[in-house]
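Per-entry structural report
Read off the chains here:
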Amino acid sequence: MPQLTGKTALVTGSTRGIGRAVALRLARAGALVAVHGSSSQEAADEVVRLVEQDGGRAFALQAELGVPGDVHELFLALERGLKERTGGTDLDILVNNAGVMGGTPPQDVTPEQFDRLYAVNAKAPFFLVQRALGNMPDGGRIVNISSGLTRFANPQEVAYAMTKGAIDQLTLHFAKHLAPRGITVNSVGPGITNNGSPVFGIPEAVEQMAALSAFNRVGEPDDVASVVAFLASDDARWITGSYLDASGGTLLG
Ligand code: NDP
């Protein structure tokens, strides 16, 4: 039974991978979903088409995060899309999912790479939350996509993991700040998740990545989307400021 009927949601970075699965999930639960990306209108339109084929409602918007004016541009398009479809600009659910990976050995990370990672993965989510608060009714939901790498060392990803550590701080402090309004703020930490990138087509690589999970497989985007959908629902009303491990037991060692 859909639990999100009448709700509106923005899922950043939902043209593919985990964000796309989250958008499809929330729409299946009844929410009107804003599908967001920066580089491919076609990919965003395709997600909208899949939602509609499934009987749901969605619309696409484009805005690059991590550049000056990013949040303003995104919200102009978001509010326009919401107004056309609902008559208002309420945003019940914000999923901060868009992110970029690092993959550079610590000794080779440049200040420019570091700044870019931080701008997209940490600064943009902070200002998206700040901006969304004017649109979010009491009882709203904020879900921030973190990473198991905040708890599992991989030196190649130190700069990236630092940005995800910042996301967990965003969760902690905004959870306290927004509790009086009944708005919950939580982090979800995926492990290695098949986002369709070429490495997931190499059997030997997949075998090695799968071995990190207690279940001996890599995660699928829908594994993570289920956790996000739960946090977005009324069933999760008593959870705030938490980090939910969605890594298939990777942290069990
Ligand atoms: P993908 O690389 O598959 O997709 C990223 C999405 O974010 C795309 O829709 C992309 O759209 C959008 N995006 C990226 N950069 C920007 C930008 N600067 N401005 C606007 N949109 C942007 O990501 P995943 O599904 O792999 O990951 C989703 C989240 O989960 C990320 O935060 C990631 O850090 C986290 N995560 C992923 C793991 C994994 O193994 N996949 C593991 C742990 C955490 P476009 O290309 O059009 O910009």
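Figured I'd write up the structure that's included with this text. Computed from a predicted model, the values in this text were never measured in an experiment.

Parameters at a glance
Residues numbered from 1 in each chain as written. Predicted model: local features only at pLDDT ≥ 70, side-chain atom pairs only at ≥ 80, totals over all residues. Near = placed C-beta within 6 Å. Helix = DSSP H or I, 4+ residues; strand = E, 2+ residues; numbered from the N terminus. Buried ≥ 20, exposed ≤ 12 C-beta atoms within 10 Å, placed from the backbone. Pairing = 2+ DSSP bridges. Right-handed = clockwise from strand over helix to strand, strands pointing away. Core = buried A, V, L, I, M, F, W, Y, C linked by C-beta atoms within 7 Å. Contact = placed C-beta atoms within 7 Å. Axes fitted to C-alpha atoms, helices over the stretch in contact; angles between N-to-C directions.

The environment of the ligand is made up of 25 residues, and the closest members are G13, G17, G37, G99 and N195. In terms of residues, the shell around the ligand owes the most to one element, helix α1 (residues 17–28), which gives three residues.

Moving on to the pairing of strand β1 (residues 8–11). Two faces make up the sheet, and in a regular strand the side chains alternate between them. What you see with β1 is no split at all: T8 and L10 on one side and A9 and V11 on the other are buried throughout. Where β1 meets strand β2 (residues 32–37), four bridges bridge the pair, whose relative direction is parallel. Counterpart to V11 in the pairing with β2 is V35. You can see the chain leave β1, run along α1 and come back into β2, and the turn it takes is right-handed. The pairing of β1 with strand β4 (residues 93–96) spans three bridges and is parallel. Note on β4: the bridge partner recorded for A9 is I93.

Moving on: the nonpolar core. The biggest cluster of nonpolar side chains holds 67 residues, and the ones touching the most others in it are A23, L26, V33, V35, A58 and V228. Discounting chain neighbours no more than four positions away, the residues touching A23 are V11, S14, V33, V35, V47, V51 and A58.

What follows deals with the sheet that holds strand β3 (residues 57–62). The strand order across the open sheet formed by seven strands is β3-β2-β1-β4-β5-β6-β7, and the pairing between neighbours is parallel. The outermost strands of the open sheet, each flanked by one partner alone, are β3 and β7 (243–246). The mean inter-strand angle of the sheet, taken between neighbouring strand axes irrespective of direction, is 20°. As judged from the five bridges shared by strand β5 (residues 141–145) and strand β6 (residues 184–190), these two strands associate in the parallel manner. Bridging from a neighbouring strand, I145 pairs with V188 of β6. Relative to the sheet, helix α5 (residues 158–178) contacts β5, β6 and β7, its axis offset from that of β6 by approximately 160°.

This paragraph deals with unusual backbone geometry. One non-glycine residue, N216, lies in the positive phi region at around 55°. Following the sequence through the fold, N216 ends up in the loop between α6 (203–210) and α7 (221–232). Among the residues examined, N216 registers 11 C-beta atoms within 10 Å and is labelled exposed.

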